[in-house]
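An overview of the molecular structure
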Amino acid sequence: MGYQSVMPELPEVETVRLGLEPVLEGRVITQARTRRGDLRVPFPPHFAERLTGRTVKALTRRAKYLLAALDSGETLVIHLGMSGRMSVYSEGKPRKLGNYVYDVAPASAGEGKHDHVVFETDAPARIIFNDHRRFGLMTLIATDALEKDKMFAGMGTEPLSEGFNARYLAEALSGKKTPIKSALLDQRVVAGLGNIYVCEALFRAGISPKRLAGSVTLDRIKPLVTAIKKVLKDAIAAGGSTLRDHAQATGDPGNFQHHFLVYGREGKPCKGKNGRGTIKRIVQAGRSTFYCPACQK
DNA sequence: AGACGTACCTGACCGC
DNA sequence: TGCGGTCAGGTACGTC
């Protein structure tokens, strides 16, 4: 099958980035093709032409966005939304590139109902962007204007960077009256967390998702920062979380869903140390929150 | 300004 | 088997 990935919070986007790196970074996009006019937003004018023939200088990630810096001075910005996935196939014969083995594309690859964008690179490889809910986006932005763009201006610190520490988070949360669960989902506070990993990090830090953000004291923010970093790192190491049909380059699914302590475990026994609690599901700001009332205060 | 609800779109799943 | 209702990992926008 090649490489495939879905479930895009930070660890899943990073897993996608790692799988795309060998077929994009330093490679030439020999062809780009869109199969409809828009995703969540329209493709920019002459999108395919502006990509074709360009070399990808670097493939990086900011929050849940993938950024492919091109030699034209533009950056291809990709967001996977809720259901976006990238499938990578070798051309001609199966190939090992970097740590990944890419198989040859089946004849129908790129022709599926929700296959919206197809790239060919000189790896040689075919990359297919599939997104059945179409909450994803792809656009082109001048590289030197990226930070000023509405998508990135005001965005918080990367949770795996040194800048994300107790002092930073305390400042970002101070005075906030919204629950800590909602605050951590706010990309202006910290960039890249989503519903699963916020639930998991709060459990690991022993903090109730209902506690108001501004009321979390510094002595509890420290373990929270540690928990966020650890859960993200562990998830990346596990190839992300698969709830449906995610697979890594090897063909194996992501693995981190087996390490969920609260997410999706409503009514099940708590796996924590004091562990007689039962995992509860509530709705906050329209999203499911899973937590253990006995362990999280 | 900040907090909240809602909309975007499709598919999977559950109960009847 | 079919149908309606509910839910889903994200983000942006309108409204108080």
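Fair warning: this is a prediction, and the values are worked out from it, not measured in the lab.

1. Quick notes on unusual backbone geometry
Between A123 and P124 the backbone carries a cis peptide bond, its omega angle lying at 0 degrees. Inspection of the secondary structure assignment puts P124 in the loop between β9 (115–121) and β10 (125–131). Of note in this structure, A285 is not a glycine but carries a positive phi near 50 degrees. For A285, a relative accessible area of 70% gives the class exposed.

2. Here's the deal with the packing of aromatic side chains
How two aromatic rings sit relative to each other is set out by the distance from centre to centre and by the angle between their planes. A full pass over the atoms with the stated rule returns eight aromatic pairs. With a centroid separation of 4.9 Å and an interplanar angle of 65 degrees, the aromatic rings of Y65 and F152 are classed as edge-to-face. Of this pair, Y65 sits in strand β4 (residues 65–70) while F152 sits in the loop between β11 (137–142) and α3 (166–173), and the two are 87 residues apart along the sequence. No difference in accessibility class separates Y65 from F152, as the two residues are buried. Plain terms: the ring middles of F260 and Y263 are 5.6 Å apart, the flat faces sit at 80 degrees to each other, and that makes the pair edge-to-face. F260 gets classed as buried once you look at its relative accessible area, which sits at 5%. Residue classification places Y263 among the partly exposed residues on the basis of a relative accessible area of 21%.

3. Considering the side chain of E12
As for its position among the elements, E12 is in helix α1 (residues 10–24). No salt bridge is formed by the buried E12; the nearest opposite charge belongs to K64, separated by 8.5 Å. A polar atom in the side chain of E12 sits 3.0 Å from the backbone nitrogen of E9.

4. Overview of the protein's contact with DNA strand B
If you check the shell around DNA strand B, you find ten residues, and the closest are K113, H114, H132, R133 and R134. Sugar and phosphate atoms form 67% of the subset of DNA strand B atoms that lie within 4 Å of the protein. A distance of 2.8 Å is found between a phosphate oxygen of DNA strand B and a side-chain nitrogen or oxygen belonging to H114. R133 has a polar side-chain atom sitting 3.0 Å from a base oxygen of DNA strand B. Classifying every residue of the surface near DNA strand B gives one nonpolar, three polar and six charged.

5. Side note on the environment of E162
In this fold, E162 is placed in the loop between β11 and α3. Residues E162 and P209, 47 residues apart in the sequence, show an inter-C-alpha distance of 25 Å.

6. Remarks on the domain arrangement of chain A
Here the domain parsing of chain A yields domain 1 (3–145) and domain 2 (166–291). Inter-centroid distance (C-alpha atoms) of domain 1 to domain 2 is 28 Å.

7. What about α3?
Among all positions in α3, only A166, L169 and L173 are buried. All buried residues of α3 project into a common sector of 70 degrees when viewed along the axis, lining one side. Looking at α3, the residues exposed on the side facing more than 90 degrees away from the buried face are R167 and E171. In this fold, the buried residues of α3 make contact with α4 (180–185) and α6 (218–237). Taking the backbone nitrogen of R167 as reference, a side-chain oxygen 3.2 Å away marks N165 as the first, capping residue of α3. Immediately downstream of α3, the backbone of G175 shows phi near 80 degrees, a positive value.

About the cut-offs
Residues numbered from 1 in each chain as written. Chains lettered and ligands numbered in written order. Predicted model: local features only at pLDDT ≥ 70, side-chain atom pairs only at ≥ 80, totals over all residues. Heavy atoms only, no water. Helix = DSSP H or I, 4+ residues; strand = E, 2+ residues; numbered from the N terminus. Buried < 20%, exposed > 50% of the residue type's maximum accessible area, 1.4 Å probe, protein only. Phe/Tyr/Trp six-rings, centres within 6.5 Å; stacked < 30°, edge-to-face > 60°. Lys, Arg positive; Asp, Glu negative; His and termini not counted. Salt bridge = Lys/Arg side-chain N within 4 Å of Asp/Glu carboxyl O. Polar contact = N/O pair within 3.5 Å; in protein donor to acceptor, adjacent residues only side chain to side chain. Near = heavy atom within 4 Å. Nonpolar A, V, L, I, M, F, W, Y, C, P; charged D, E, K, R; others polar. Domains from an automatic or database assignment. Arc of directions from axis to C-beta. Contact = heavy atoms within 4.5 Å.

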